[in-house]
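Observations on chain architecture
So the chains spell out like this:
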Amino acid sequence: MTLSSVLTTKDKIGYGLGDMASALVWQTATLFLAYFYTDIFGLPAAIMGTMFLLVRVIDAFIDPCIGALVDRTQTRHGRFRPWLLWFAIPFGVSCLLTFYVPPLSPTLKIVYACATYSLLSLVYSAINVPYCAMPGALTLNPRERHSLQSWRFGLSFIGGLIVTVIALPLVEWLGDGNPQKGYFFAMGLMGLLGVVLFYCCFFMTRERYAPGNDNSASLLKDLKLLTANSQWRIIFVFNVLLLTAVVTRGSATMYYVKYVMLRPDLVFAFIVSGMVANLSGALLSERLLGKFDRVRAYQWTIISFVALAAAIFFIPPSAVWLIFTINIVFSFIQNLTTPLQWTMFSDVVDYEEHRSGRRLDGLVFSTALFAIKFGLALGGAVVGWVLGMVDYLPNQTAQSATVLTTINALFTLIPCALFLCMALLLCFYKLSSRRVADIAGALARKRKTREETPSLNPAVQE
């Protein structure tokens, strides 16, 4: 495979269908899980937030192990695709169990929530670590990877849009007045659709490149290599900040529309309009940002959408159409950067191979998944803890002024502060577009040399 090789539309659609499957659970968790646990399942907000965080601590140990297993997988279908076959069905089942409300005592319900949420997180890792690491096996071309990620997130947001459009109507229809029953059956259908899409991803893609890694190396040795990689450290912290900001804002969305705007009838329209903007931004990412240096483009894009999001805090809640408009523009600009976010992890994989000779797709992307889940947990925990501190009372028509201001800040100012920290962190990130292209070219030449001289063992270089 050469650096100039291109992917087919079938490759890109097939790969994107995998993230559409994940989005059916990811979008549900982002938008509804905190609300489901507090207002439907019956967990106290503080316990819900603590549970989110504790499960992520467990994942901190599990994710790298899965990544190491992925790096050492060798089958006739490749390193990554077999994991889609093995864990597609468990993925759907874990989604179903998470949204079931058992007839148990309050203490046992907490135990059940922790167990099923932990299972969902584990299966999510087992299928998404190899899925996210696949681009390195599909193409060596950095621009093609950006295009691949644009298709991925375009289809991912379509999956999220499906959840947004039909989830609540399905809950109402299938529940027939019982929201607990409605969530269970609605999420069961989402899980089933996710299984089908993962199988489509498996059959529509093909791994073209398998590195000649020495599988006798230990996980500890690989972790030491990775932690010595300065660019990995930056991008890891960057993504924890990003996901914490996104999930804090996403989790606060229903509270904001329902209690601050006092328009619960507009929750559906507010979320859907944002999702359509998300979809447009992801699909146009490569076209609008692909010609610019990715690091500088990312920084200026962050600054622009932070200004928009922060403005919402100061707008009167009665200015519904102005809030809608700004939120749509924010969502479009913010999601121009989403494909870049994941392309950066592929860049770090290439950089690690360039500096040490070890290609650690699985391990690198396991840390990406950990950043996602830690951000999901921390964002949900922040919402739970902060609402608990101001004595938020579920399903109260009128909330106190303190609660309303807090919800407004959770939706606007708090995420914006985290976004600005990301922009500052990029000042220390040195994998610019030119540097990435140089590394990709060097790797292509090195792989050709390895084919001619299999015993070559490149020295570590920083």
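Residues numbered from 1 in each chain as written. Predicted model: local features only at pLDDT ≥ 70, side-chain atom pairs only at ≥ 80, totals over all residues. Heavy atoms only, no water.

**Details of the overall build of the protein chain**
Across its full length, the protein chain carries 17 helices and zero strands. For 462 residues, the compact-globule estimate of 2.2 N^0.38 gives 23 Å, and the C-alpha radius of gyration of the protein chain, at 22 Å, lies within 12% of that figure. Across its three principal directions, the C-alpha atoms of the protein chain cover 70 × 45 × 35 Å. Counting across all 462 residues of the protein chain, residues that qualify as buried make up 61%. Within the protein chain, counting contacts between residues at least 6 apart in sequence, those at least 24 apart form 84% of the total. (Helix = DSSP H or I, 4+ residues; strand = E, 2+ residues; numbered from the N terminus. Rg over C-alpha atoms; globule rule 2.2 N^0.38 Å. Buried < 20%, exposed > 50% of the residue type's maximum accessible area, 1.4 Å probe, protein only. Contact = heavy atoms within 4.5 Å.)

**Some thoughts on the environment of Q334**
Its location among the elements puts Q334 in helix 12 (residues 320-334). Residue class for Q334 comes out buried when judged on its relative accessible area of 9%. Along the backbone, Q334 and T301 are 33 residues apart, and their C-alpha atoms lie at a distance of 7.1 Å. When near neighbours in sequence (up to four residues on either side) are disregarded, Q334 contacts L242, V246 and F305.

**Observations concerning the packing of helix 3 (residues 81-98) against helix 4 (residues 106-133)**
Where helix 3 meets helix 4, the axes come as close as 9 Å, and the angle between the chain directions of the two elements is 155°. As the angle between them shows, helix 3 and helix 4 are arranged roughly antiparallel. Judged by the twist between their axes, the crossing of helix 3 over helix 4 is left-handed. The segment helix 3 lies against helix 4, with W83, L84, F87, A88, P90, F91, S94, C95, L97 and T98 engaging Y112, T116, Y117, L119, L120, V123, Y124, A126, I127, N128, P130 and Y131. A per-class count over the contact of helix 3 with helix 4 returns 18 nonpolar, four polar and no charged. (Axes fitted to C-alpha atoms, helices over the stretch in contact; angles between N-to-C directions. Parallel < 35°, antiparallel > 145°, perpendicular 65-115°, else oblique. Left-handed = near helix turned anticlockwise from the far one by under 90°. Nonpolar A, V, L, I, M, F, W, Y, C, P; charged D, E, K, R; others polar.)

**A closer look at the nonpolar core**
Core analysis: the biggest nonpolar cluster contains 150 residues, and Y37 and I302 have the highest contact counts within it. With 18 residues, helix 9 (residues 230-260) is the single largest residue contributor to this core. (Core = buried A, V, L, I, M, F, W, Y, C linked by side-chain atoms within 4.5 Å.)

**Considerations on helix 11 (residues 294-314)**
Relative to the 30 Å expected for 21 residues at 1.5 Å per residue, helix 11 spans 32 Å between its end C-alpha atoms, a close match to the ideal helical length. Within helix 11, the full set of buried residues consists of R294, V295, A297, Y298, Q299, T301, I302, F305, V306, A309, A310 and I312. In this structure D293 caps helix 11, since a side-chain oxygen of it lies 3.2 Å from the backbone nitrogen of V295. (Expected span 1.5 Å × (residues − 1). Polar contact = N/O pair within 3.5 Å; in protein donor to acceptor, adjacent residues only side chain to side chain.)

**Regarding the confidence of the model for the protein chain**
Overall, the predicted model of the protein chain reaches an average pLDDT of 83, with 93% of residues at or above 70. Mean pLDDT across the secondary structure elements of the protein chain bottoms out at helix 17 (residues 433-452), with 75, and peaks at helix 16 (residues 413-425), with 92. (pLDDT = per-residue confidence, 0-100.)

**As for helix 13 (residues 338-356)**
In a regular helix each residue adds 1.5 Å, so 19 residues correspond to 27 Å; helix 13 covers 28 Å between its end C-alpha atoms and thus fits that length. Burial runs high along helix 13: 19 of the 19 residues are buried. Looking one or two residues beyond helix 13, the residue adopting positive phi is G357, at roughly 85°.

**Re the pattern of salt bridges**
According to the stated counting rule, one finds 13 salt bridges in the structure shown. With a closest N to O distance of 2.8 Å, D350 and R359 form a salt bridge. Accessibility classification places D350 together with R359 in one group, the buried group. For the salt bridge of E353 with R359, the shortest nitrogen-to-oxygen distance reads 2.7 Å. Across the pair, exposure class does not vary: E353 and R359 are buried alike. One network of salt bridges, with partners in common, ties together D71, R79, R145, D350, E353, R359 and D361. (Salt bridge = Lys/Arg side-chain N within 4 Å of Asp/Glu carboxyl O.)

**Structural notes on the environment of A398**
With respect to the helices and strands, the residue A398 is situated in the loop between helix 14 (361-389) and helix 15 (401-411). Relative accessible area serves as the criterion here: at 67%, A398 is assigned to the exposed category. Sequence spacing of A398 and R435 is 37 residues, and the spatial spacing of their C-alpha atoms is 55 Å.

**Focus on unusual backbone geometry**
Among all residues except glycine, the phi angle is most often negative; among peptide bonds, the trans geometry is most common. For D176, which is not glycine, the phi torsion reads 50° and is therefore positive. By the element assignment, D176 lies in the loop between helix 6 (142-175) and helix 7 (179-204).

**Examining the packing of aromatic side chains**
Enumeration over the complete set of coordinates arrives at 30 aromatic pairs. Between Y100 and Y112, the aromatic rings sit 6.1 Å apart at their centres with planes inclined by 75°, giving edge-to-face as the arrangement. On the criterion of sequence distance, the pair formed by Y100 in the loop between helix 3 and helix 4 and Y112 in helix 4 is long-range, its members being 12 residues apart. Ring-pair connections join several aromatic residues into one group, and the members of that group are F36, Y37, F41, F99, Y117 and Y183. In this structure, R152 packs its charged tip against the face of W342, placed 4.3 Å from the ring centre. Lying over the aromatic face of F411, R249 brings its terminal NZ or CZ to 4.2 Å of the ring centre. (Phe/Tyr/Trp six-rings, centres within 6.5 Å; stacked < 30°, edge-to-face > 60°. Lys NZ or Arg CZ within 6 Å of the ring centre and 35° of its normal.)

**Details of a nonpolar patch on the surface**
On the surface, a cluster of nonpolar side chains totalling about 370 Å² of accessible area is made up of I89, V93, L97, L119 and L122. Put simply, the parts of the chain that give the nonpolar patch at least two residues each are helix 3 and helix 4. Tallying contributions element by element places helix 3 first for the nonpolar patch, with three residues. By the element assignment, L122 lies in helix 4. The partly exposed category is assigned to L122, whose relative accessible area is 35%. (Patch = residues over 30% accessible without salt bridge, like charges linked within 9 Å, V, L, I, M, F, W, Y side chains within 5 Å. Areas by Shrake-Rupley, 256 points an atom, 1.4 Å probe, with all protein chains shown as cover.)

**Overview of the side chain of T244**
If you trace the backbone, T244 turns up in helix 9. Here V240 takes part through its backbone oxygen, which lies 2.7 Å from a polar atom of the side chain of T244. If sequence neighbours within four positions are ignored, T244 has contacts with G375, L378, G379 and L418.

**Remarks on the state of the cysteines**
In total, this model carries zero disulfides according to the counting rule given. Of the cysteine sulfurs around C114, a residue in no disulfide, the closest is that of C95, at 18 Å. The structure places no disulfide on C201, whose sulfur is separated from the nearest cysteine sulfur, that of C200, by 8.8 Å. (Disulfide = S-S within 2.5 Å.)

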